[in-house]
Amino acid sequence: MVAQDIIKKFELYVDDATELSSQEELDLLNKKYQEVCSDRPWEFLKKGYSNSINGTSIALPDDFQYILDTQVHGIVGRYVFVDEKYYQLVNFQDRSSYKNSGYCWVNLADETLEFSSSVSGTLTYDYVSFPEDLDATDEPIFPARYHHILYHLMASDDYAIQQFDKAKSYARENEQKAEKLLEQMAIWNASLQV
């Protein structure tokens, strides 16, 4: 379903009780869409990154959320690679404790990945991305069979926005339907992992 179809389903579920404008409905859809996509590290949001680096920092991808765990010599952690060498990711606030080479951190304020010493080569890592907001003709990034999550979540939030008694009476039911679909999507997601 495209965003406009999801909004039409939402309108059916609230029985035209909403007084939201078209833009407000799209904003509500995008709010719920981003909430679902941020719920966990979904397989459909995982990406690989590769770029040349020569120095101590490099810009993060525009859709960057966070670097994924990976395994190096049997140890699971967050690592990035420059050619064949790996660099362990440490917390930004702990970076001063890691003055020697072999470490890196994410500087979200500057939107960069920074290294404890200068590096040169091909940088690679896997990360979780976040999707762009939907326009009326866009489809959510996850499979269509789970798009129903969105209008149920929208309907459960509509009461908080509108404060209608009728909408309130169905808020919990819509939330439960969305939670059930979200759980099914989580099971599907888990089956994609090795």
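Calculation criteria
Residues numbered from 1 in each chain as written. Predicted model: local features only at pLDDT ≥ 70, side-chain atom pairs only at ≥ 80, totals over all residues. Heavy atoms only, no water. Core = buried A, V, L, I, M, F, W, Y, C linked by side-chain atoms within 4.5 Å. Buried < 20%, exposed > 50% of the residue type's maximum accessible area, 1.4 Å probe, protein only. Helix = DSSP H or I, 4+ residues; strand = E, 2+ residues; numbered from the N terminus. Contact = heavy atoms within 4.5 Å. Salt bridge = Lys/Arg side-chain N within 4 Å of Asp/Glu carboxyl O. Arc of directions from axis to C-beta. pLDDT = per-residue confidence, 0-100.

(A) Region of the structure containing the nonpolar core. Ranked by internal contacts, the top residues of the largest apolar core, which has 32 residues, are Phe-10, Leu-29, Val-36, Phe-44, Phe-142, Ile-149 and Met-185. Of all the secondary-structure elements, those providing two or more residues to this core are α1 (3-13), α2 (22-37), α3 (148-162) and α4 (165-192). Look past the residues within four positions of Ile-149 in its chain and what remains in contact with it is Val-36, Ala-178, Leu-181, Leu-182 and Met-185. Listed in part, the 18 residues of the second largest apolar core include Leu-60, Phe-64, Leu-89 and Leu-123.

(B) Fine view of the pattern of salt bridges. Scanning the entire structure with this criterion turns up 5 salt bridges. Glu-35 serves as the salt-bridge partner of Lys-32, at 3.1 Å between the closest nitrogen and oxygen. Within this pair, Lys-32 and its partner Glu-35 are both found in helix α2, separated by 3 residues, close to a single helical turn. On the accessibility criterion, Lys-32 (5% relative accessible area) is buried.

(C) Structural view of unusual backbone geometry. Although it is not a glycine, His-73 sits at a positive phi angle of roughly 50 degrees. Along the chain, His-73 falls in the loop between β3 (70-72) and β4 (75-77). On the basis of relative accessibility, which here comes to 70%, the residue His-73 falls in the exposed class. A positive phi angle is found at Asp-83, which is not glycine, with a value near 55 degrees. Relative to the helices and strands, Asp-83 is located in the loop between β5 (79-82) and β6 (85-89). On the basis of relative accessible area, Asp-83 is assigned to the partly exposed category, the value being 43%.

(D) α1, seen in detail. Turning to α1, its buried residues are Ala-3, Ile-6, Ile-7 and Phe-10. All buried residues of α1 fall inside an arc of 100 degrees around its axis, so they share one side. Trailing α1 by a residue or two, Asp-15 shows a phi angle of about 55 degrees, which is positive.

(E) Up close: the confidence of the model for the protein. Chain-level statistics for the protein give a pLDDT mean of 89 and a share of 90% at 70 or above. Ranking the helices and strands of the protein by mean pLDDT puts strand β1 (residues 46-59) first, with 98, and α4 last, with 74.

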